[in-house]
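# Reading the structure
Listed below, chain by chain, are the residues.
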Amino acid sequence: MKLLEPIQIGKLELKNRVMFPPMTTGYEERDGSIGEKSIQFYKRIAQGGAAYIVLGDVAPVRTVTPTPKLFMDNQITSFITLTQALHESGAKVAAQLFYPEYNVPEINGLIAKAMATQDPEEKAQATKVAYAQMHYQMQHFATEASKEQMQQIVNDMVACAIRCEKAGFDAIEIHGDRLLGSFCSSLINHRTDEYGGELRNRARFSLELIQALKAAVPEMVIEYKLPVITINADGSLRGKGGVTAEEAPLFAKMLEEVGVDFIQVAQANHTGDLTDTIPPRNAVPYAWTTPIAALVKQAVSIPVATVGWIQTPERGEEILATGQADVIGYGRPLLADPDLPKKAATGEKVLLCTGCNKLCVGGLLSRRPITCIRYPLQG
């Protein structure tokens, strides 16, 4: 079974082709460190046989966004505990570097001002102003960011990657959605300088970041999450912060040229709607981004992963056998049954994700950690 065959990605050999893609889980501690709940969550995925596990949304700066955070050296220790636990099960581990699509220092200052206000009415108004500014910047920051701000973002990401290497991560996944996806998107990026306009200009910030990371952590595998804006059955667009399907192979070639080792083709987001990237049952076809992954795979020589409602080992095997991708990302399916890789090997029946989104997306919307009605990972 090709799904269970090893694959070489840069300097890494994965024991099989099953990937747990980056997900917002809610299991990190309030300060963004990795605690026992996070470790147990990811450890269970590793014990089920997944070869490549990505820790989603690792922020390189202090931010109000509820994600893992690694912006100071004294935070490294908790991440070491995680990587060691997953390595014990034979998994390789990546950290997804995530930078919010807004001016983090400014928003942090506005939030701090609101928190320091004693009068309830003034606090409410100050909080409203802060989040209104955040929402504004999420739509316009890519267009309005100064080159000095952009360089500081690169510096922060590089510093975080160095900490990730010290923490024992095998790879860095660059979160090509959100901020970088905003720069790459013709829908959001309206710059008139060398970072706007044609695709190569819109991609320039991502390419410069990759080059900086390659120089800073040359021994680490670099993966890029390439978000694609897709088209719904009614003709409307799904997602905003990414490239079009036609641009994806061209962008992928640029990524390979600057040294990316691995590309994950995924659905673009940036609308604030989780169901864009984690759609409920019947909202999209099975494996709806895989045809775009196949086009990307034809354009590059590096491995390509596909994700998105693939659901079963058999469907993943078909994608691999027909040469549409090299690695299969199972997100919700591994929430429903962490033992999917092991069961694929033995032929045992897999508990299938139903696409209900009740406790995965629903959990996050209710400010609870994700889990699944089929297999409550944390109960």
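Everything quoted here is computed from the prediction, not taken from an experiment.

The rules behind these values
- Residues numbered from 1 in each chain as written.
- Predicted model: local features only at pLDDT ≥ 70, side-chain atom pairs only at ≥ 80, totals over all residues.
- Heavy atoms only, no water.
- Buried < 20%, exposed > 50% of the residue type's maximum accessible area, 1.4 Å probe, protein only.
- Helix = DSSP H or I, 4+ residues; strand = E, 2+ residues; numbered from the N terminus.
- Pairing = 2+ DSSP bridges.
- Right-handed = clockwise from strand over helix to strand, strands pointing away.
- Axes fitted to C-alpha atoms, helices over the stretch in contact; angles between N-to-C directions.
- Parallel < 35°, antiparallel > 145°, perpendicular 65-115°, else oblique.
- Left-handed = near helix turned anticlockwise from the far one by under 90°.
- Contact = heavy atoms within 4.5 Å.
- Disulfide = S-S within 2.5 Å.

## A closer look at the pairing of strand S4 (residues 52-58)
The buried fraction of S4 is high, at seven of seven residues. Two elements, strand S3 (residues 18-20) and S4, share two bridges in a ladder whose sense is parallel. The partner of Phe20 across the bridge, within S4, is Ile53. Regarding the hand of the β-α-β motif, the stretch spanning S3, helix H1 (residues 36-47) and S4 is right-handed. Sheet topology note: the S4/strand S5 (residues 92-97) ladder contains five bridges and is parallel. In the sheet register, Val54 faces S5, and the bridge partner there is Ala94. In this region the chain leaves S4, passes through helix H2 (residues 76-88) and returns to the parallel neighbour S5; the handedness of that crossover is right-handed.

## Side note on the pairing of strand S10 (residues 262-267)
Each regular strand displays side chains that alternate between the two surfaces of the sheet. With six of its six residues buried, S10 lies for the most part within the structure. Here S10 runs beside strand S11 (residues 304-307); their pairing, made up of three bridges, is parallel. Bridging across to S11, Gln264 finds its partner in Ala305.

## As for the packing of helix H8 (residues 248-257) against helix H9 (residues 290-299)
For any two helices packed against each other, the geometry comes down to the angle between their axes and how far apart the axes lie. Taken N-terminus to C-terminus, the directions of H8 and H9 make an angle of 45°; their axes are 8 Å apart at the nearest point. Put simply, H8 runs oblique to H9. For the element pair H8 and H9, the recorded crossing hand is right-handed. Along its contact with H8, which presents Ala248, Pro249, Ala252, Lys253 and Glu256, the element H9 presents Ile292, Leu295, Val296 and Ala299.

## A look at the environment of Ala116
As for its placement among the helices and strands, Ala116 is situated in helix H3 (residues 104-116). Taking relative accessible area as the criterion, Ala116 reaches 52% and is therefore assigned exposed. Considered as a pair, Ala116 and Ala126 are ten residues apart in the sequence and their alpha carbons are 9.9 Å apart.

## Examining the state of the cysteines
Applying the stated criterion across every chain, the model contains zero disulfides. Looking at Cys353, it has no disulfide partner, and the nearest cysteine sulfur is the one in Cys372, 6.2 Å off.

## Some remarks on the environment of Ile229
Looking at where Ile229 falls in the secondary structure, it is placed in strand S7 (residues 221-231). Residues Ile229 and Ser185, spaced 44 residues apart in sequence, show a C-alpha to C-alpha distance of 8.8 Å. Ignoring any residue separated from it by four or fewer positions in sequence, one finds Ile229 in contact with Ser185, Leu187, Leu237, Arg238, Gly239, Lys240, Gly242, Val243, Thr244, Ala245 and Ala268.

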